[in-house]
Amino acid sequence: MEIARKIVIVGGVAGGMSAATRLRRLDETADIVVFERGHYVSFANCGLPYYVGGVITDRAALLLQTPESLASRFRLDVRVDHEVVAIDRVAHTVEVRNVRTGALTVEGYDRLILAGGATTSPERASSSIPTHTLRTIDDVDHITRTLAATGSASAVVIGGGFIGVEAVENLVRRGLDVTLVQRGPHVLRPLDVEMSSLVEAQLRAHGVDVRTNTTVVAAENGVVSLSDGTVVAASIIIDASGVHPDTTLAASAGLAIGSSGGIWVDAEQRTSDPAIYAVGDGAEKTDAVTTDAASDGILVTMAGLANRHGRAAADSIAGVPEPAVPALGTAIVGLFETTVAMVGWSERRLAAAGRAHRAIHTHPDSHATYYPGAERMHIKLLVDPASDAILGAQIVGGAGVDKRIDVIATAMSGGITASGLSRLELAYAPQFGSAKDPINQLGYVADNLASGATRSIQWHELDTEREAGARLIDVRRPDEFAAGHIPGAVNLPLDELRERLDELPVAPLIVHCQVGQRGHTAARLLGQHGFDVRNLDGGYATWLAGVSAFAAVPTLA
């Protein structure tokens with residue numbers, strides 16, 4: 001395949017370099033020029049927090065490619081420290097500024113790819129406390145120098161998103177006392193509140209001072225003043241308060257900006273100008289979960305999508321188009337001994353959109369419990385009650401979270417229903433999983449609900465149902481009940497239930513156990529004896545995580 005044209009790419013790293021190298025593989029003769037305004041064109045930005053924390057010790061390992069290595073292997077003309085400042089769409093040229101000298105030049109193109117990524121919010125007011133973002137090699141160099149020079153003992157991290165919690169973990173690893181300041185009501189905003197509370201509990205368990213619904217109002221002389229009226233000490237501040245698409249260049253050129261704030265693109269990554277493409281964090285994505293073809297686009301700032309879309313743009317330019325598939329937003333992050341993963345929509349987002357949904361909570365172990373080392377997972381699955389389609393999932397736990405979220409993401413991509421998860425044949429040995437894998441278990445629960453074999457209610461619906469007259473029956477053992485229970489619940493252990501049916505009130509019943517499984521058995525038993533009964537989804541563990549989110553200090557279930 002011969003492209004026989006000149007392609008200019010604005011920005012490197014994931015999207016830009018994927019496009020550039022794919023183009024070269026498709027055509028040896030193409031003239032490919034890459035402009036990168038920073039000094040590093042290809043680096044492992046996802047590894048930056050772990051270099052700060054000392055997990056990654058070799059700085060050179062973060063530098064994946066250099067202009068020299070890319071020229072040698074792919075014959076790419078990579079010019080770092082060069083910023084594209086304007087696009088002339090009529091003349092098919094870009095104006096380029098050398099950031100070191102300020103000199104301006106003009107470069108022509110046949111096709112242009114914008115891979116400028118995202119940018120941080122405008123800089124905060126000046127502070128005597130060193131303040132850094134954590135997005136580039138330069139950022140990480142500034143942070144490590146500051147930590148080494150000041151012997152920092154305390155830090156404030158602004159923002160509880162992915163970069164924020166990774167920064168927190170790695171600063172704690174370096175021995176700093178860390179305060180995490182989050183503007184919203186909980187960290188990791190894509191999570192629903194009962195899942196996020198588990199994450200906040202882990203943060204607090206490792207000594208992190210978590211401040212939600214709070215902002216920084218001033219930072220001077222080693223003291224950070226917060227909007228809740230308190231002050232905390234800090235010798236360094238990491239600003240991870242979020243990013244937004246860098247669309248300045250595109251907007252100035254008159255390209256369409258989507259409703260999400262990202263650059264509008266079609267399925268082949270073309271912008272509103274067919275000679276210009278956009279990929280990466282600055283480009284809008286099509287949502288895989290929405291049922292409305294005309295719905296608004298979304299922003300997903302993930303390296304995997306940037307790589308895929310860079311390849312898609314290259315394929316389109318080369319005349320072998322492979323349309324980009326809609327984005328699920330699959331994501332994962334590690335935090336101390338905990339792994340947090342998600343895909344698709346949250347319940348909060350579904351509710352805000354007025355979309356019908358069914359939630360399922362399970363709390364399985366990562367593998368057979370008789371084999372040493374099993375770790376608990378907390379899983380939430382969101383399902384369309386009409387079609388049984390999977391709308392989203394969230395998992396918080398230890399080992400095994402990664403492969404389960406990937407199975408669910410694959411199922412969503414392949415159109416496998418929630419009930420269909422029960423029929424997946426997954427690898428099993430006791431050190432890796434269970435004969436009924438946690439994925440299969442989700443499918444069994446989904447099938448029971450879809451068929452009407454059982455009915456459930458959610459933790460946040462419990463108070464309303466009880467106010468309407470429902471009675472709560474705890475079917476756990478007495479020792480479990482004594483260790484902690486929902487106020488007002490009556491303890492009737494499952495193994496005694498058949499013999500004590502006459503003790504049950506004539507009223508709608510809500511049964512629960514620790515995680516939901518015994519509650520389901522109790523609901524089936526009582527339903528066949530004529531009782532109006534529902535199971536509290538996810539049991540006491542989910543209820544506790546949910547209500548803990550509104551307490552001063554959330555507690556792990």
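Residues numbered from 1 in each chain as written. Predicted model: local features only at pLDDT ≥ 70, side-chain atom pairs only at ≥ 80, totals over all residues. Heavy atoms only, no water.

1. A closer look at the environment of Ala523
Logical step 1: Structurally, Ala523 is set in helix α14 (residues 517-528).
Logical step 2: A relative accessible area of 6% places Ala523 in the buried class.
Logical step 3: Through-space distance from the C-alpha of Ala523 to that of Arg145 is 60 Å; in sequence the pair is 378 residues apart.
Logical step 4: Not counting residues up to four positions away in its chain, the partners in contact with Ala523 are Thr454, Val511, Val533 and Asn535. (Helix = DSSP H or I, 4+ residues; strand = E, 2+ residues; numbered from the N terminus. Buried < 20%, exposed > 50% of the residue type's maximum accessible area, 1.4 Å probe, protein only. Contact = heavy atoms within 4.5 Å.)

2. Structural notes on the sheet that holds strand β1 (residues 6-10)
Each strand in a sheet pairs with its neighbour through backbone hydrogen bonds, running either in the same direction (parallel) or in the opposite one (antiparallel).
Logical step 1: Pairing is parallel across the open sheet formed by five strands, whose spatial order is β5-β2-β1-β9-β20. The open sheet has two edge strands, β5 (77-80) and β20 (276-278), and neither has a second partner. Each strand of the sheet is rotated relative to its neighbour by a mean of 15°, with strand direction disregarded.
Logical step 2: Examined bridge by bridge, β1 and strand β2 (residues 31-36) share five bridges and lie parallel to one another. (Pairing = 2+ DSSP bridges. Axes fitted to C-alpha atoms, helices over the stretch in contact; angles between N-to-C directions.)

3. A word on the sheet that holds strand β6 (residues 82-88)
Logical step 1: Read across the open sheet, the three strands follow the order β6-β7-β8; overall the sheet is antiparallel. At either margin of the open sheet sits one strand with a lone partner, and together these are β6 and β8 (104-108). With strand direction ignored, the average angle separating the axes of adjacent strands in the sheet is 30°.

4. What to know about the pattern of salt bridges
Logical step 1: With the rule as written, the count across this model stands at 31 salt bridges.
Logical step 2: Arg89 is the partner of Asp273 in a salt bridge, and the nearest nitrogen-oxygen pair spans 2.9 Å. Residue Asp273 is located in the loop between α7 (248-252) and β20, and its partner Arg89 is located in the loop between β6 and β7 (93-98); the two are separated by 184 residues in the primary sequence.
Logical step 3: Residue classification places Asp273 among the buried residues on the basis of a relative accessible area of 9%.
Logical step 4: For Arg89, a relative accessible area of 29% puts it in the partly exposed group. (Salt bridge = Lys/Arg side-chain N within 4 Å of Asp/Glu carboxyl O.)

5. Looking at the pairing of strand β21 (residues 331-335)
Logical step 1: Judged by which residues are buried, β21 turns out to be one-sided: Ala331, Val333 and Leu335 face inward and are buried, whereas Ile332 and Gly334, on the alternate face, are not.
Logical step 2: One ladder, built from five bridges, connects β21 with strand β22 (residues 338-344); its direction is antiparallel. For Ile332, the partnering residue across the bridge sits in β22 and is Ala341.
Logical step 3: Counting the residues that bridge the hairpin from β21 to β22 gives two residues, and of these Phe336 lies at a positive phi of roughly 55°.

6. Some points on the nonpolar core
Logical step 1: With 39 residues, the main nonpolar core has Leu134, Val157, Leu171, Val199, Leu203, Ile238 and Val340 as its most contacted residues.
Logical step 2: Among residues more than four places away in sequence, those in contact with Val199 are Val187, Leu188, Leu191, Leu335, Val340 and Val396.
Logical step 3: Of all hydrophobic cores here, the second largest spans 29 residues; its members include Leu350, Leu382, Val383 and Leu449. (Core = buried A, V, L, I, M, F, W, Y, C linked by side-chain atoms within 4.5 Å.)

7. Considerations on the packing of helix α1 (residues 13-26) against helix α8 (residues 303-317)
Logical step 1: Their axes nearest at 7 Å, the elements α1 and α8 cross at an angle of 35°. In this structure, the crossing between α1 and α8 has a hand that is right-handed. Here Ala14, Gly15, Ser18, Ala19, Arg22, Leu23 and Leu26 of α1 come into contact with α8, specifically with Ala303, Ala306, Asn307, Gly310, Arg311, Ala314, Asp315 and Ile317.
Logical step 2: Residue composition of the contact of α1 with α8, grouped by class: eight nonpolar, four polar and three charged. (Left-handed = near helix turned anticlockwise from the far one by under 90°. Nonpolar A, V, L, I, M, F, W, Y, C, P; charged D, E, K, R; others polar.)

8. A few points about the side chain of Ser366
Logical step 1: Secondary-structure assignment places Ser366 in the loop between β23 (358-362) and β24 (377-383).
Logical step 2: Every residue in contact with Ser366, bar those within four places of it in the chain, is listed here: Gly373, Ala374, Glu375, Met377, Ala399, Arg404, Phe432 and Gly433.

9. Some remarks on the side chain of Lys6
Logical step 1: Within the fold, Lys6 resides in strand β1.
Logical step 2: A distance of 3.5 Å separates the side chain of Lys6 from the backbone oxygen of Gly108, its partner in a polar contact.
Logical step 3: Not counting the four nearest positions on each side in its chain, Lys6 is found in contact with Asp31, Val33, Glu107, Gly108, Tyr109, Asp110 and Arg111. (Polar contact = N/O pair within 3.5 Å; in protein donor to acceptor, adjacent residues only side chain to side chain.)

10. Description of unusual backbone geometry
Logical step 1: Despite not being glycine, Val13 has its phi angle at roughly 55°, a positive value.
Logical step 2: For Val13, a relative accessible area of 22% corresponds to the partly exposed category.
Logical step 3: Despite not being glycine, Asn213 has its phi angle at roughly 50°, a positive value.
Logical step 4: Within the secondary structure layout, Asn213 lies in the loop between β14 (209-211) and β15 (216-220).

11. Re α14
Logical step 1: Between the first and last C-alpha of α14 there are 17 Å, a value that for 12 residues agrees with the 16 Å anticipated at 1.5 Å per step.
Logical step 2: Along α14, the residues classified as buried are Gly519, Ala522, Ala523, Leu525 and Leu526. Viewed end-on, α14 has its buried residues packed into an arc of 165°, placing them on one side of the element. Within α14, the exposed residues directed more than 90 degrees away from the buried face are Gln517 and Gln528.
Logical step 3: On its buried face, α14 sits against β29 (509-512) and β30 (533-536).
Logical step 4: Trailing α14 by a residue or two, Gly530 shows a phi angle of about 90°, which is positive. (Expected span 1.5 Å × (residues − 1). Arc of directions from axis to C-beta.)

12. Some details on the packing of helix α6 (residues 193-205) against helix α15 (residues 539-548)
Logical step 1: The contact between α6 and α15 brings their axes to 7 Å, and the two run at 80°. As far as their axial angle goes, α15 and α6 are roughly perpendicular. Of the residues in α15, those touching α6 at Glu194, Ser197 and Leu198 are Thr542, Ala545 and Gly546.
Logical step 2: Its residues assigned to classes, the contact of α6 with α15 shows two nonpolar, three polar and one charged. (Parallel < 35°, antiparallel > 145°, perpendicular 65-115°, else oblique.)

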